[in-house]
Amino acid sequence: MEVAGCSEEPYEITNAANAAVVNLLPDKSKKLYEAAYKGFKDWCIEKDVATVTDNVMLVYFSEKAKKYKCSTVWAQYSMVRSCMLIYDNVDINKFPKLISFLKRNSDGYSPKKSKIFNREEVEKFLLEADDDTHLMRKVALIFGISGACRTDELVNMTLDNVEDVGSSFIITLPHTKNKTSRTFVIASNEGGKVDFLQIIRKYTSLRPGTNHGRFFVFYKNGKCTQPVGKNTLGKVPNMIANYLKLPNPELYTGHCMRRSSTTLLADAGADITTIKRHGGWKSTTVAESYIENSVANKTKIANQIIQGSTTSNVNITSGASDLMDILALTNSAINFILYCTMSRQFRDAFHEAFKAKICNLLKRSDNLSSQVDSIKTHGSYV
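Remember, it's a predicted structure, so these values are computed and weren't measured experimentally.

(A) Main features of a nonpolar patch on the surface. A contiguous nonpolar patch, built from Ile301, Ile305 and Ile306 and spanning about 350 Å² of accessible area, is present on the exposed surface. One can find Ile305 in helix H15 (residues 295–307). Classification of Ile305 by relative accessible area gives exposed; the value is 68%.

(B) Looking closely at the packing of aromatic side chains. Applying the stated criterion across every chain yields a total of 14 aromatic pairs. Both rings, one in Phe40 and one in Trp43, keep their centres 6.3 Å apart while their planes meet at 20 degrees; by these two values the pair is stacked. Of this pair, Phe40 and Trp43 both sit in helix H2 (residues 30–46), separated by three residues, roughly a single helical turn. For Phe40, a relative accessible area of 0% gives the class buried. Every member of this aromatic cluster is reached through a ring pair, and the members are Phe40, Trp43, Tyr60, Phe61, Trp74 and Tyr77.

(C) How the structure looks around the environment of Gly279. Examined against the element boundaries, Gly279 turns out to sit in helix H13 (residues 272–279). Spatially, the C-alpha atoms of Gly279 and Ala148 are 5.8 Å apart, while their sequence positions differ by 131 residues. If we skip the residues at most four places from it in the chain, Gly279 touches Ala148, Arg182 and Arg258.

(D) Region of interest: the nonpolar core. Core analysis: the largest hydrophobic core is formed by 43 residues, its most contacted members being Phe143, Ile186 and Phe216. Among the elements of the structure, helix H6 (119–128), helix H7 (131–147), helix H8 (151–155), strand S2 (168–173), strand S3 (182–187), helix H9 (196–205), helix H11 (236–243) and helix H12 (256–267) are those that each provide at least two residues to this core. If one sorts the elements of this core by residue count, H7 sits on top with eight residues. Apart from residues no more than four positions distant in its own chain, Phe216 is found in contact with Met136, Val139, Ala140, Phe143, Leu154, Met157, Tyr203, Arg207, Pro227 and Val228.

(E) Structural view of the environment of Val162. Note that Val162 resides in strand S1 (residues 162–164). Residue Val162 is classed as buried on the basis of its relative accessible area, which comes to 15%. The sequence separation of Val162 and Phe215 amounts to 53 residues, and the corresponding C-alpha distance is 8.1 Å. In contact with Val162, other than residues within four places in its own chain, are Phe143, Met157, Phe169, Ile170, Ile171 and Phe215.

(F) Seen up close, the pairing of S2. As paired strands, S1 and S2 are joined by three bridges and run antiparallel to one another. Residue pairing for S2: Glu163 is matched across the bridge by Ile170. Between S1 and S2, which follow one another and run antiparallel, lie three residues, and Gly166 among them has a positive phi close to 95 degrees. Of the pairings in the sheet, the one linking S2 to S3 comprises six bridges and is antiparallel in character. Looking at the pairing, Thr172 lines up with Thr183 of S3.

(G) Structural detail: the environment of Phe101. Summarising the element assignment, Phe101 is placed in helix H5 (residues 96–105). For Phe101, a relative accessible area of 23% gives the class partly exposed. It is 8.0 Å that separates the C-alpha atoms of Phe101 and Ser62, two residues lying 39 residues apart in sequence. Residues contacting Phe101, with those up to four places away along its chain left out, are Leu58, Phe61, Ser62 and Ala65.

(H) Here's a closer look at the pattern of salt bridges. Per the stated rule, a full pass over the model turns up ten salt bridges. For Lys41, the salt bridge identified is with Asp88, shortest N-O distance 3.2 Å. Residue Lys41 is located in helix H2, and its partner Asp88 is located in the loop between helix H4 (70–87) and H5; the two are separated by 47 residues in the primary sequence. Lys41 sits in the partly exposed class, given a relative accessible area of 29%. With relative accessibility at 28%, the residue Asp88 sits in the partly exposed group. Between Asp107 and Arg104 there is a salt bridge, with the nearest N and O atoms lying 3.4 Å from each other. By the burial criterion, Asp107 is exposed, and Arg104 matches it. Each of the salt bridges in this network shares a partner with another, and the network as a whole consists of Lys28, Asp152 and Lys230.

Conventions used here
- Residues numbered from 1 in each chain as written.
- Predicted model: local features only at pLDDT ≥ 70, side-chain atom pairs only at ≥ 80, totals over all residues.
- Heavy atoms only, no water.
- Patch = residues over 30% accessible without salt bridge, like charges linked within 9 Å, V, L, I, M, F, W, Y side chains within 5 Å.
- Areas by Shrake-Rupley, 256 points an atom, 1.4 Å probe, with all protein chains shown as cover.
- Salt bridge = Lys/Arg side-chain N within 4 Å of Asp/Glu carboxyl O.
- Helix = DSSP H or I, 4+ residues; strand = E, 2+ residues; numbered from the N terminus.
- Buried < 20%, exposed > 50% of the residue type's maximum accessible area, 1.4 Å probe, protein only.
- Phe/Tyr/Trp six-rings, centres within 6.5 Å; stacked < 30°, edge-to-face > 60°.
- Contact = heavy atoms within 4.5 Å.
- Core = buried A, V, L, I, M, F, W, Y, C linked by side-chain atoms within 4.5 Å.
- Pairing = 2+ DSSP bridges.

Have a look at this one:
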């Protein structure tokens, strides 16, 4: 066998490798990747660049930074990097000047994020909005909040993914962005003002017999009609914000329900592991980026700093602490008595240590008694 690089590859190996390379880019955004790569190659031809170096990439992306936001520049970098690694076997991630420039270019940048609904706003819409106009939006809101759903996940949801088990609905998302299935439950909201299950059942009962299995269909004039598309479902938060007359309704985007769900869960006291599992995230950083820094969360932190605990738990924690102290002291006393009575070694040591003192104490007591009797006798005689 010859050393790699010293002989030509067999024809079959080359063809198989070329066929495999085609599948290395994500199918959904393959055209975007190839367009970014082509743009870079065209720029190289225009600038008469023969070899890709750190300086070449630095100049290319510095020109991009003058036209686009840093988030767009990072996206372009990611696509060009992937294509160059596949097609040219060049890893631009190892260019230190380029990486330093991209990081410095991001300093102070704060990406725009969708605004979120709080618990009161969700409840108000579900209670007050007219079903004849907003029933589909109500169900989409319940699903989106309960399962931290993306717009694509709601669009692709089918009747087979929704199971009514009586006391709740079990929802399965077979195709997610992370290519893993995810399941969540919609409960009856006992104790709340809105019955989630009743709203969902009303919506499903109005579905006509269709030649498709899509769950979300338009609701109009008292019946459900054609399937709902991505753009329509993506505008649901905006429509809800308009109904509630919230400021800047245009900032309630398709990601609103996913961010709202995560924030409500975080405000309820869930840890980061629970939040990651709920949203299907693998990265802690990404999961935290979906959590809104709400006033409720900041108030809770303020109470913890000032009082050492949240206000709702101060008295409970204090009482539990006192009870634990009493139980510990009682347990220690009982253990000491049991040890003294059950341990022969302890009894022998105790006897040796206090035998002489007890004897002396008894002798002194006898002498004192004799003296007292003598005094009484003498006094009586006198």
